[in-house]
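Descriptive structure summary
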Amino acid sequence: MNSTMDDMSLIQQRHHMVVRELGEEIDLEIGHGVDDPSYGQSQTPLIGIPLQESSAEDHDESKSMVMVSQLVSDDNELLKSQPAKRKKKVVKRWREEWADTYKWAYVDVKEGTARIFCSICREYGRKHRRNPYGNEGSRNMQMSALEEHNNSLLHKEALRLQMASKDKIVADKPIFVKALMSKTAGSIVEALLKRDPHEAEFIQYVQEVVHALERVISKNSGYVNTMERLLEPERMIIFRVPWTDDRGEMHVNRGFRVHFNQTLGPCRGGLRFNPSMNLSITKFLGFQQTLKTALSPYRLGGASGGSDFDPKGKSDNEIMQFCQSYMDELYRYLGPDKDLPSEEMGVGTREMGFLYGQYRRLAGHSQGSFTGPRLNWSGSSLRTEATGYGLVFFAQLILADMNKELKGLRCVISGSGKIAMHVLEKLIAYGALPITVSDSKGYLVDEDGFDFMKLSFLRDIKSQHRTLRDYSKTYARSKYYEEAKPWNERCDVAFPCASLNEIDHSDAINLVNLGCRILIEGSNMPCTPEAVNVLRKANVLIAPSIAAGTGGVVAGELELKECNLNWAPEDFESKLQEAMKQTYQRALKAAVDFGYQKESPEALVHGAVISAFLTIASGMSEQGCV
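First, a word on what this report is: a plain description of the structure on this page.

Calculation rules
Residues numbered from 1 in each chain as written. Predicted model: local features only at pLDDT ≥ 70, side-chain atom pairs only at ≥ 80, totals over all residues. Heavy atoms only, no water. Pairing = 2+ DSSP bridges. Helix = DSSP H or I, 4+ residues; strand = E, 2+ residues; numbered from the N terminus. Axes fitted to C-alpha atoms, helices over the stretch in contact; angles between N-to-C directions. Buried < 20%, exposed > 50% of the residue type's maximum accessible area, 1.4 Å probe, protein only. Arc of directions from axis to C-beta. Contact = heavy atoms within 4.5 Å. Salt bridge = Lys/Arg side-chain N within 4 Å of Asp/Glu carboxyl O. Parallel < 35°, antiparallel > 145°, perpendicular 65-115°, else oblique. Nonpolar A, V, L, I, M, F, W, Y, C, P; charged D, E, K, R; others polar.

With antiparallel pairing, the three strands of this open sheet are ordered in space as 12-13-14. At either margin of the open sheet sits one strand with a lone partner, and together these are strand 12 (436-439) and strand 14 (478-482). Along the sheet, successive strands turn relative to each other by an average axial angle of 20 degrees, direction set aside. Relative to strand 13 (residues 442-446), strand 12 is paired through four bridges, and the arrangement is antiparallel. Each residue of the ladder has a partner; that of Asp-439, found in strand 13, is Gly-442.

What follows covers the sheet that holds strand 17 (residues 541-543). Pairing within the open sheet is parallel, and its five strands lie in the order 11-10-15-16-17. Looking along the sheet, the strands with just one partner apiece sit at the ends: strand 11 (433-434) and strand 17. In this structure, strand 16 (residues 518-520) lies alongside strand 17, joined through three bridges in parallel fashion. Bridge pairing in strand 17 links Ile-520 to Ala-543.

So, about helix 10 (residues 223-230). Residues of helix 10 that are buried include every one of Val-224, Thr-226, Met-227 and Leu-230, and no others. Axial view of helix 10: buried residues confined to an arc of 160 degrees, hence all on one face.

One can find Gly-302 in strand 8 (residues 301-307). Residue Gly-302 is classed as buried on the basis of its relative accessible area of 0%. Remark: the alpha-carbon pair of Gly-302 and Gly-270, spanning 32 residues in sequence, is separated by 9.4 Å. Once residues lying within four places of it in the same chain are set aside, the contact partners of Gly-302 are Val-258, His-259, Phe-260, Asn-261, Cys-267, Arg-268, Gly-286, Gln-289, Thr-290 and Thr-293.

Right, let's get into the pattern of salt bridges. In total, this model carries 24 salt bridges according to the counting rule given. Notably, a salt bridge pairs Arg-469 with Glu-482, separated by 2.2 Å at the nearest N-O pair. With Arg-469 in helix 17 (residues 469-474) and Glu-482 in strand 14, this pair connects stretches of sequence that are 13 residues apart. Classification of Glu-482 by relative accessible area gives partly exposed; the value is 42%. Connected through shared salt-bridge partners, Asp-196, Glu-199 and Lys-283 make up one network.

A word on the packing of helix 15 (residues 418-429) against helix 16 (residues 452-463). Where helix 15 meets helix 16, the axes come as close as 10 Å, and the angle between the chain directions of the two elements is 170 degrees. By the criterion of interaxial angle, the relationship of helix 15 to helix 16 is roughly antiparallel. Taking contact as the criterion, the partners of Met-421, His-422, Leu-424, Glu-425, Ile-428 and Ala-429 in helix 15 are, on helix 16, Phe-452, Leu-455, Leu-458 and Arg-459. A class-by-class count of the residues in the contact of helix 15 with helix 16 yields seven nonpolar, one polar and two charged.

For helix 19 (residues 529-537), the set of buried residues is Pro-529, Ala-531, Val-532, Val-534, Leu-535 and Arg-536. Tucked into the core, helix 19 has its buried residues touching helix 8 (200-212), helix 18 (505-513), strand 16, strand 17 and helix 23 (603-623). The positive-phi residue at the C-terminal boundary of helix 19 is Asn-539, with phi of around 60 degrees.

Here is the structure:
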């Protein structure tokens, strides 16, 4: 009877630490506890208990104990099927439920086994033991995982540092580490992981770049040092942005501007106002912009910036208050020979007007301008179309090398902002069949394809801040899908123009199975690493955003250098097409020079990065250690 009671006590523990021989790793076991409402429905016992023949005298006592505890199944045959001393299996669902309970933890797979990691220390298992010695047979030493972890000196010190910096503990998955063929190239990523372990977006993009540069680095190991210097931005500016809303309440947001590299010339780069904005995303965008400008026909540096301010739902006065406060700090770092910002997500004509007005007031002059469409006070009226048109021109160049054209091809587009709308417009003009657009709540599909009349209606919907669902009320053959992505539609060419990492592993599989053969990146890094692997294995040709998205850079420099504010659309498109052709040819040439086949799905991605990097590296070598 005492043995049975001991087993019951062991079952009632929520977390069990199974301790093996001294020096071996502890495996964290998790089972349902008495506080888990789902325990009663569980059909699988947590631990095998050997059945014993009960005498008539203690039968009633045993039955009562089972009814009170409700921890033992009534199905004796199921219990008998469990080995007497078999270690219970860890169920991934239980691990996830446990991690949801304790927000300092997250679940991930380590060496093929699901483990619970500390989101502060990024460690698991034995490194969190309070006392690695002592009586291993004692149940007192097999304390709960929470107690074990919270009493570890490693955790306490990490927690103290976290509290001192007043940063929230974010329980996210570890960063996906891409396997590299070269140890030399891998050392670049390892150094970055040690220096900036929590900057997931920046590390993700760096890994893609390093992967593209493996053949370059293998030919010249000196580029490792160049790459390490390049990956450290020249200047990172982080500042607070206080502002007052219409009710007189004060708010504070965080502002960013990263001058990533100015080896080739003054910085150019967007400003993004979005609640998700942080230093990691700012560095990623700045690095990508550095490569994009290096690949363009102009000698420019790269930068990026923005704030975690959300302009949605704000009045014009509130946005003006914020923009002026933002510029109060940033203006001293801007200028035509230093850095000129441009539009990005959450920053349009209205925001750029407020920003430029405050910059002019503080700087005391109006030399130069911010790049962007400003019909009334400066700039090119065609600047807003440049990026979207450029994406379609780039797709034309790819198809021309395949002896094909856009006419009649089914195209899926994500997003419904400026870039997506201008991609849609130019696809219609070239006779393609664009069938989708999307927003944050779902996507709209029109099997008949969009035409200019439907495009005008879509723009009216967006300008009136209505939902895309209203489109399907007018056009019966269209349908709006809630909480879904457009990658479930059959297509020949995909244009992701919405957001970061919008195409994941399952989306990539859908695209491949539904016939997609070309993907033109309109947004910044739209594919997760897992999605990229799927697309490459399926020979889907990817046009990287640093090449396909150079239209915005071209238009910005045309309006600054040639000072022609009254472009005829035909002249502007002619210059844009020529610039996109130069970019395409440079990327392909670099890929062929380093042994990639022109038809390879990796040719454009790797060639664009190689060409841009070699241009920057040459300048860095000539300018010395600066």
